Every structure is written in C-alpha cells, then in structure tokens.
Amino acid sequence: MLKNKLFKKIYTGATLLSAVWFMSSCEQGLVYEEAPETTYSQVEATRLDVRSRELFENQIYAVNWGQWIENYINTQLIGDTNGSWTNNTGSAVTLSNGQVVQPGEKVTGSITEVSDAAGPDGKVYVMTAYVKDRSTYNTANKGFLFDGSKFTGDFALVNPVDNRSEKVTLPVRKNEIIAEIVLVNPFDCIVEPVNGAPELGKPGDFSEPHRYLVKNIAYLPAGVKQYTRLYEVRIVFYPV
C-alpha cells in the first residue's frame, strides 16, 4: 500500500512538471501579431445606457401555480445619451442637476469633448444622459401578475384587472442605477473606474458625476504608447 501511494505521488508530480514544461515551451514559441492601428487606437464610446432596477419580494402572484413569487428582479432602460426630453408642462421644471428647463424647451443627451488636464491629451469626454425618474416594470408573462395589495406608497398598476397587472410603475431608485458605456471596440478595451466611481453594469449611486478610463489592451507595435480616453458620466433625471 505504501509503495502504491509513493508511486502515485511521484507520478502526479511528474505529470504536473511535464505540463508546466509543455506550457512553458509552447509560450516560448509563440509569436504575437501586432494589431492594426485601426484596432489599437480605438477607444471611442458610442453612447451611455442607463437602467433602473427593482427587487420585488412576494409582490407577484403566479396564476398557474397558485402561489406568490418570493424574489423577482427586473431592469428597464430609462434613457441614454441619444435620448431627449421636452418640457410639455405649463411651467419651468428643475431637473436633478439643478438645470431649469422652461416650458416647451428640449434637452438632449450628448457626448462632448472638453479640455481638462486630468485626461489623456488634456481631454475629457463628458457623457450626459437625460433619464426618466419613474420606470415601468414587467413580469415574465401574463401568468405572473403584480398585486396592488402588496404595494404601498407611490405606485401605479398599468391597466389593472381586479387590482392585478403585468406592469407596475414606480419611482426610480436613484442610488441603484445601472450605467453601461457602449464601446465601438469592446473586445480590445477595458473600462476602469476612477477615484472610487461605481462599477459599471452593477447598481450604483450616480447622483454625482463619475469618471472612467477606457484602455485599449490590443497588442501594440514596439514604441507605440497605449491609447486611453477619459470619460465623465453625468445622469440627469427628468419627471415623468
């Protein structure tokens, strides 16, 4: 028995060493191909998407199962940098950033290049998205219904029947916003939060502007500096 264990240990160790040697020898023979300039220089973003998220706990009734759904998370797009909003009310409206919009005035999202010594080449690209302050959430299908008796405060069922509906409208949780920077070349770029900014793609507080550094990590020709670009995300809520 002892002999078998000893042999097994020697064999396992030899196998591991062989694998390491094989991988090392393969890596030594690799020849990396330099990326073309159109690839390694691309750090552009096309837009900023903003989504709201809501967790529903025992607020949805599964009609076919005859029971309550314990947990259900739904996310909805509430705006992006390509969107706009027009003040169709009869009075001035103050947005979440303090901006005052007069009756009939229109505000539009944008990506704007501004001079700032903090950014690569002295530039920062400001992404401003105007988004809704209320969001309509959906169940999976008509077999699952929001029940109005399970909600309190500011809510509205959409076209309810017997106080139940597939859709409910709620105020957006502004400290749990999901923001995503959409890149032209997402395969060769990474996005790093700057100075403690919330992680993109996860719920975070965007009540203040946050900055993100986009880095192109494609294999570069010798002597070429890595391309980077600094973005500042600004999310502004308008009333619905």
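Before reading further, recall that the structure is shown in the block above.
Below: a short report on this structure. Computed from a predicted structure; not experimentally measured.

1. What to know about unusual backbone geometry
Piece 1. Residue Asn 58 is not a glycine yet carries a positive backbone phi of 55°.
Piece 2. Despite not being glycine, Asn 195 has its phi angle at roughly 55°, a positive value.
Piece 3. On the secondary structure map, Asn 195 appears in the loop between strand S17 (189-194) and strand S18 (210-216).

2. Examining the pattern of salt bridges
Piece 1. Tallied over the entire structure, the rule returns 12 salt bridges.
Piece 2. Arg 211 is the salt-bridge partner of Asp 116, the closest N and O atoms lying 2.8 Å from each other. Of this pair, Asp 116 sits in the loop between strand S9 (110-115) and strand S10 (123-132) while Arg 211 sits in strand S18, and the two are 95 residues apart along the sequence.
Piece 3. Classification of Asp 116 by relative accessible area gives partly exposed; the value is 23%.
Piece 4. Among the residues examined, Arg 211 registers a relative accessible area of 22% and is labelled partly exposed.
Piece 5. The salt bridge involving Arg 234 is made with Glu 232; its shortest N-O contact spans 2.7 Å.
Piece 6. With a relative accessible area of 9%, Glu 232 lands in the buried category.
Piece 7. One network of salt bridges, with partners in common, ties together Asp 116, Arg 211, Glu 232 and Arg 234.

3. Structural notes on the nonpolar core
Piece 1. Ranked by size, the top nonpolar core spans 23 residues in total, and within it Leu 48, Val 50, Ile 177, Ile 181 and Ile 235 carry the most contacts.
Piece 2. Beyond its immediate chain neighbours, meaning those up to four positions away, Leu 48 contacts Gly 79, Asp 80, Thr 81, Met 127, Ala 129, Ala 179, Glu 180, Ile 181, Val 233 and Ile 235.
Piece 3. In terms of nonpolar packing, the next biggest core, distinct from the first, is built from 11 residues, Phe 56, Ala 62, Phe 146 and Val 168 among them.

4. Quick look at the sheet that holds strand S12 (residues 144-147)
Piece 1. Strand order in the open sheet formed by 4 strands is S3-S2-S12-S14, and the pairing between neighbours is antiparallel. Strands at the two margins of the open sheet, each flanked by one partner only, are strand S3 (67-69) and strand S14 (164-165).
Piece 2. Here 3 bridges tie strand S2 (residues 60-62) to S3, and the two strands are oriented antiparallel to one another. Considered in S3, the bridge of Ile 60 is made with Ile 69.

5. Re the packing of aromatic side chains
Piece 1. This model, assessed by the stated rule, comprises 11 aromatic pairs.
Piece 2. Taking the centre distance of 5.9 Å and the plane angle of 45° together, the rings of Tyr 40 and Tyr 227 count as tilted. You can see Tyr 40 sitting in helix H2 (residues 37-40) and its partner Tyr 227 sitting in the loop between S18 and strand S19 (228-238), a full 187 residues away along the chain.
Piece 3. For Tyr 40, a relative accessible area of 9% puts it in the buried group.
Piece 4. A relative accessible area of 31% means that Tyr 227 is categorised as partly exposed.
Piece 5. Centre to centre, the rings of Phe 146 and Phe 151 are 6.1 Å apart; their planes meet at 70°, and the pair counts as edge-to-face.
Piece 6. Classification of Phe 151 as buried rests on a relative accessible area of 8%.
Piece 7. Three or more aromatic residues joined by ring pairs form one cluster here, namely Phe 56, Tyr 72, Tyr 137, Phe 146, Phe 151 and Phe 155.
Piece 8. Cation over ring: Arg 164 sits above Tyr 61, and NZ or CZ is 4.3 Å from the ring centre.
Piece 9. Between the NZ or CZ atom of Lys 174 and the centre of the ring of Phe 237, over which it lies, the distance is 4.9 Å.

Thresholds applied
Residues numbered from 1 in each chain as written. Predicted model: local features only at pLDDT ≥ 70, side-chain atom pairs only at ≥ 80, totals over all residues. Heavy atoms only, no water. Helix = DSSP H or I, 4+ residues; strand = E, 2+ residues; numbered from the N terminus. Salt bridge = Lys/Arg side-chain N within 4 Å of Asp/Glu carboxyl O. Buried < 20%, exposed > 50% of the residue type's maximum accessible area, 1.4 Å probe, protein only. Core = buried A, V, L, I, M, F, W, Y, C linked by side-chain atoms within 4.5 Å. Contact = heavy atoms within 4.5 Å. Pairing = 2+ DSSP bridges. Phe/Tyr/Trp six-rings, centres within 6.5 Å; stacked < 30°, edge-to-face > 60°. Lys NZ or Arg CZ within 6 Å of the ring centre and 35° of its normal.

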